[in-house]
Amino acid sequence: MVSMKDISAECGVSIATVSKALNDHKDIGVETKAYIRRVAKEMGYFPNSAAKTLKTKRSYNIGVLFAVDDHSGLTHDYFAQVLDSLKCTAEDKGYDITFLNSSSVRPNKMSYLEHCRYRGFDGVVIANTQFDHPEVFELVQSDIPSVTIDHIFNNVSAVISDNVKGMRDLLHYVYEKGHRKVAYIHGADSSVTRSRLASFYKTAAELGIEVPDEYIGKAAYRDTKATHIETERLLDLKDRPTCILYPDDFACFGGINAIYERGLKIPHDISIAGYDGIRIGRHFEPQLTTVKQDTKGLGQSAAEKLISLIEHPKTTIIEQIVVEGEVYPGSSVGDLT
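Peer 1: How would you explain the pattern of salt bridges if you had to name every residue and give the values?
Peer 2: For the structure on display, the rule yields 12 salt bridges. Ionic pairing is found between aspartate 27 and lysine 20, a salt bridge with its closest N-O pair at 3.0 Å. Residue aspartate 27 is classed as exposed on the basis of its relative accessible area, which comes to 51%. Residue classification places lysine 20 among the partly exposed positions, given a relative accessible area of 30%. Measuring nitrogen to oxygen at the nearest pair gives 2.9 Å for the salt bridge that ties arginine 194 to aspartate 189. Aspartate 189 gets classed as exposed once you look at its relative accessible area, which sits at 58%.

Here it is as structure tokens:
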């Protein structure tokens, strides 16, 4: 393995000068710095991560706690994009990311906190997990810097989608298209669901839209079977809705199948809209009307906030960062005006 001593001998400079050049110090000349770096690269030099850890007291490794109920993992349409942005941002700043194992495969059945200490994580991002789990509480209350995505704890920084504004904007869009009979199949209970549902009711009241109890349904996120059943129920109503909002874009497919099985057309006979803005929704006809979430902004903000907490713990403010999405019109909501 090539060392700084080898590079100093090859370049005819001191080891201290080599160190300064490789660490981008400003007190050596630009040409000298470039020369030393070029020689180091040609010799195949790589910094010793163990030595770097001893010097900086950091591992430059971030843990990610991520689990989804449907076991879709990194194939999850929405969170895959968020985590890809998180990964790219962390890597640009010199950090690696490692996923925390579930309890069944952790060494000696360690808790999440114990596993983070075992791996030496500098910090952890917590996304789409059972936030009320005792081990999650233990982790966020520890001295390990942490950031949550789409969930709020006291005294922990959070990066959240603006679900209130997203639902408000979507319902306004549907209203402007002339729809007054709007049903909403919401997701399973969570802070995200509660925000969207409250915003739906509040916006409907502001617009003068009456929402009968039978217009509200429930289906787990990404559960196409449940949305199929709920859609059939809504279609059977004597005074059925003209537009159905779904918990997410993927879950829409269950509703679409139920509608087509009835021989109905979208949006001619009934309109639909989703939430998230996953790519597949833009690649079938009619294109899905949805709220396109800023997945890149969510992942980037989470990484930047966590790294700031790691590197500047005394000056980084614990806060909630709200990331807005936008309505993607598509063509699945018909115009009744």
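Peer 1: Break down the packing of aromatic side chains for me, citing the residues and quoting the values.
Peer 2: Geometry of an aromatic ring pair is reported as the spacing of the ring centres plus the angle between the planes. With the rule as written, the count across this model stands at 9 aromatic pairs. An angle of 65 degrees between the planes, with centres 5.9 Å apart, marks the rings of phenylalanine 200 and tyrosine 201 as edge-to-face. Look at phenylalanine 200 and you get buried, because its relative accessible area is 1%. By relative accessible area, tyrosine 201 is classed as partly exposed at 36%. Grouped by ring-pair contacts, the aromatic residues Phe66, Tyr78 and Phe79 constitute a single cluster. Over the face of the ring belonging to phenylalanine 250 we find arginine 222, whose NZ or CZ atom lies 4.1 Å from the ring centre. Above the plane of the ring of tyrosine 328 lies arginine 282, whose end atom (NZ or CZ) is 5.9 Å from the centre.

Peer 1: I'd love a proper account of the sheet that holds strand E9 (residues 271–273), names of residues and values included.
Peer 2: Spatial strand order, E7-E6-E8-E9: 4 strands in an open sheet with parallel pairing. The open sheet has two edge strands with one neighbour each: strand E7 (216–218) and E9. Between one strand and the next, the sheet's axes are offset by a mean angle of 20 degrees, whatever the strand orientation.

Peer 1: So what's going on with the pairing of strand E6 (residues 182–186)? Residues and values would help.
Peer 2: Among the 5 residues that make up E6, 5 are buried, leaving the element largely enclosed by the rest of the structure. Across the two faces of E6 the burial is the same, with Val182, Tyr184 and His186 and Ala183 and Ile185 all buried. Sheet topology note: the E6/strand E8 (residues 243–245) ladder contains 3 bridges and is parallel. Residue pairing across strands places alanine 183 opposite isoleucine 244, the latter belonging to E8. Examined bridge by bridge, E6 and E7 share 3 bridges and lie parallel to one another. Considered in E7, the bridge of histidine 186 is made with lysine 218.

Peer 1: Requested: an account of the packing of helix H8 (residues 163–176) against helix H9 (residues 191–207), with residues and values cited.
Peer 2: For the pair H8 and H9, interaxial distance at closest approach is 8 Å and the crossing angle is 40 degrees. Classified by the angle between their axes, H8 and H9 sit oblique to one another. Between H8 and H9 lies a crossing of right-handed hand. Taking contact as the criterion, the partners of Asn163, Val164, Met167, Arg168, Leu171, His172 and Tyr175 in H8 are, on H9, Val192, Ser195, Arg196, Ser199, Phe200, Thr203, Ala204 and Leu207. Taken together, the residues that form the contact of H8 with H9 break down as 8 nonpolar, 5 polar and 2 charged.

The rules behind each value
Residues numbered from 1 in each chain as written. Predicted model: local features only at pLDDT ≥ 70, side-chain atom pairs only at ≥ 80, totals over all residues. Heavy atoms only, no water. Salt bridge = Lys/Arg side-chain N within 4 Å of Asp/Glu carboxyl O. Buried < 20%, exposed > 50% of the residue type's maximum accessible area, 1.4 Å probe, protein only. Phe/Tyr/Trp six-rings, centres within 6.5 Å; stacked < 30°, edge-to-face > 60°. Lys NZ or Arg CZ within 6 Å of the ring centre and 35° of its normal. Pairing = 2+ DSSP bridges. Helix = DSSP H or I, 4+ residues; strand = E, 2+ residues; numbered from the N terminus. Axes fitted to C-alpha atoms, helices over the stretch in contact; angles between N-to-C directions. Parallel < 35°, antiparallel > 145°, perpendicular 65-115°, else oblique. Left-handed = near helix turned anticlockwise from the far one by under 90°. Contact = heavy atoms within 4.5 Å. Nonpolar A, V, L, I, M, F, W, Y, C, P; charged D, E, K, R; others polar.

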